[in-house]
Amino acid sequence: MNLADYLRTNALKYPKKVSLVERYPAKEKRRTLTWEEFNAETNRIGNYLKKELGIKKGDCVLHLFNNSIEWLTTYFGIIKIGAVVVPLNFRFIESDIAYAANIAEPTAFLFGSEFLDRVLKARDRLETVRVFIAMGDECPDDMIPFSTIQDSTDVEECVVHMEDEDDLAVMFTSGTTGNAKPVVHTHGSMNATTIGNGLSLPLAMEDNFLVVLPLYHSGSLFMWFPYLAVGATGTLIREYRQPRWLLEAVQEEKATAFLAVVPMCVDLLNQIENREIDLSEYNLSSWKYLITGAQPVPPRIFSKLMFHLPCRIVHAYGTTEAGGGATWTVYHDDILKKPGSIGLPNFGVEGRILDGEGKEVSPGELGEIAIKTPRLMKGYYKNPELTEQCIRGGFFYTGDLARKDEDGYYYVVDRKKDMITSGGENIYPVEIEEVLHEHPDVDDVAVIGYPDKRFVEIVMAVVQLKEGRTVREESIIAFCKSRLAMYKVPRKVVFDRVVRNPTGKLLKTVLRQKYFGAKEAFRL
């Protein structure tokens, strides 16, 4: 089936029901789309691409927008006609855009005009793109204004049948360990992801999923797919900046769940504890779940979320390659009973922890998480060598080091590539980061290996202090000494801004490059 069949079916079953709400708090704007209108818009776009521009099944189409209704109408307009959508990170600069285009070899490029400057700078390197479509106020004469498509009256149903193995998207991972990898998902893997994520939480047509994180990221998009499948409403927040915007959206749109990353949770908690936000002023009765993901969450943050918020907390683990979203889930009642756990594999997911020889390890032993699931990517686009390295025996090797307890609960220890080897000892940065997150003056932290002549690597902590706080390096080290074995204690501490990507993942490649001029861990 074509994943867009969910949209077509909803338009038939619930034509006048609101499918999408777009909130733009910074400009005090709000607009909506019914399922009938959502489907019509995707047909308008699909028919124009196919009939007027000759875009055909299998053609790649670059897609660069900020979160908006048009992000989704263009996405589904592309996949409806069997073309392959290539959604780009809105933070991509011109070299990133050229890198993605060089791999995907797109025929067309749809983008918001706020990105026009970057597109123009990259244009000479986009050799396969024969048509550019710009949405917004600015559009050069040799490009097609998106308004031309919007003026079209051809909304005839254009969805084409797709086999499960047919490509749907080329998604560029967030690239915390180097250049973003081009992940190919099919209509079959995305349908399996929709079903799997949908069975991780009880959903109903009356629900409303609040989309705050960028849609190009698998977490937001893949967690919204089940709501699409059951005909529930999705609410988008454009240019999210203020925690109160979340609460206002929950109250005014009756939102039931949303996905958040640690910095968002910390900002919300800080404003609650500083009394900048009074939860009693909001009607949050519709709020069922706060889903955290994309990175480890310190137990103290979970404790505070549970204490302050009226909803249940769910922590999800996943990778873009294996269908993102809730591949593993730990639920509210177990989060504090199993501190640090990512929970159990979800429906349709077989998980194992394997040693270097591909053998399953015993409970308590460390190994690499490997995943077998129909949600799994087809492979890395045009890179069979990397695909074969990562998918072996039907299992995807995640690069995440983990252990499993006697009850079958999984615990991610660290990224395989982030492990520090100092004086022959293996050290896992996440453990040190969790300790430093407990320091009352620390706002954020990243731990990396720093080159050392004697130990090869030493532990270095990049510490971002809370606003207005002052702490000495010796104080940070003493704090760690009281909670960690000596070999794990940072030998070097710098106070700086901790760099994360838009989905909250630590960008340790950037920190390594900044402090000792190497993107990879020193031992590599």
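This text goes with the structure placed above it.
Values in this document were obtained by computation on a predicted structure and should not be read as measured data.

What counts as what
- Residues numbered from 1 in each chain as written.
- Predicted model: local features only at pLDDT ≥ 70, side-chain atom pairs only at ≥ 80, totals over all residues.
- Heavy atoms only, no water.
- 1 Å grid on protein atoms, 1.4 Å probe; cavity = no way out; pocket = protein on both sides within 12 Å on 5 of 7 lines; lining within 4 Å.
- Points joined across faces, edges and corners; volume = space filled by probe spheres on them.
- Helix = DSSP H or I, 4+ residues; strand = E, 2+ residues; numbered from the N terminus.
- Nonpolar A, V, L, I, M, F, W, Y, C, P; charged D, E, K, R; others polar.
- Axes fitted to C-alpha atoms, helices over the stretch in contact; angles between N-to-C directions.
- Parallel < 35°, antiparallel > 145°, perpendicular 65-115°, else oblique.
- Left-handed = near helix turned anticlockwise from the far one by under 90°.
- Contact = heavy atoms within 4.5 Å.
- Buried < 20%, exposed > 50% of the residue type's maximum accessible area, 1.4 Å probe, protein only.
- Pairing = 2+ DSSP bridges.
- Core = buried A, V, L, I, M, F, W, Y, C linked by side-chain atoms within 4.5 Å.
- Polar contact = N/O pair within 3.5 Å; in protein donor to acceptor, adjacent residues only side chain to side chain.
- Right-handed = clockwise from strand over helix to strand, strands pointing away.

**A few points about the layout of surface pockets**
The gaps left among the atoms become clear once a water-sized probe is rolled over them. In this structure, the second largest pocket occupies an estimated 1,100 Å³ of space. For the second largest pocket, the lining is made up of 37 residues, of which Tyr240, Arg241, Pro263, Met264 and Asp267 are closest to its centre. Elements supplying a minimum of two residues to the lining of the second largest pocket: helix H10 (262-273) and strand E25 (442-452). The residue inventory of the lining of the second largest pocket, partitioned by class, reads 14 nonpolar, nine polar and 14 charged.

**Observations regarding the packing of H10 against helix H11 (residues 299-308)**
H11 packs onto H10 with a crossing angle of 50 degrees between their chain directions and a minimal axis gap of 11 Å. For the element pair H10 / H11, the angle class is oblique. In this structure, the crossing between H10 and H11 has a hand that is left-handed. On H11, the residues touching Val262, Cys265, Val266, Leu269, Ile272 and Glu273 of H10 are Ile301, Lys304, Leu305 and His308. Classifying every residue of the contact of H10 with H11 gives seven nonpolar, one polar and two charged.

**Examining the pairing of strand E18 (residues 367-372)**
Across the six residues that make up E18, a large majority, five, are buried. Where E18 lies against strand E21 (residues 395-404), four bridges are found, and the strand directions are antiparallel. From the neighbouring strand, Gly367 faces E21, where its bridge partner is Ala402.

**Examining H11**
One turn of an α-helix holds 3.6 residues; hence residues three or four places apart share an orientation. Those residues of H11 lying buried are Arg300, Ile301, Phe302, Leu305 and Met306. At its buried positions, H11 is contacted by H10, strand E13 (289-292), strand E14 (312-317), helix H12 (332-335) and E25.

**Regarding the nonpolar core**
Core analysis: the largest hydrophobic core is formed by 96 residues, its most contacted members being Leu72, Tyr75, Phe76, Trp224, Phe225, Leu290 and Leu309. The residues touching Trp224, leaving out its near neighbours within four places in the chain, are Leu20, Phe38, Leu72, Phe76, Phe209, Val211 and Gly234. By size, the runner-up hydrophobic cluster in this structure holds 28 residues, among which are Leu64, Leu116, Ala122 and Phe172.

**Let's talk about the side chain of Asp444**
Relative to the assigned elements, Asp444 resides in strand E25. One polar contact links Asp444 to Arg500, side chain to side chain, over a distance of 2.7 Å. When neighbours within four sequence positions are excluded, Asp444 is seen to be in contact with His437, Val462, Val463, Gln464, Val498 and Arg500.

**So, empty space enclosed by the protein**
In total, this model carries one cavity of 30 Å³ or more according to the counting rule given. Estimates place the volume of the largest cavity at around 80 Å³. Residue assignment for the lining of the largest cavity shows that the elements contributing at least two residues are H10, H11 and E25. Classifying every residue of the lining of the largest cavity gives four nonpolar, one polar and four charged.

**Regarding the pairing of strand E3 (residues 60-64)**
A large share of E3 lies buried, amounting to five of its five residues. The parallel pair E3 and strand E4 (residues 84-87), bridged by helix H3 (residues 69-80), forms a crossover whose chirality is right-handed. Sheet topology places E3 next to strand E5 (residues 108-112); four bridges connect them, and they run parallel. Residue His63 lies in a different strand from E5, and its bridge partner there is Leu110.

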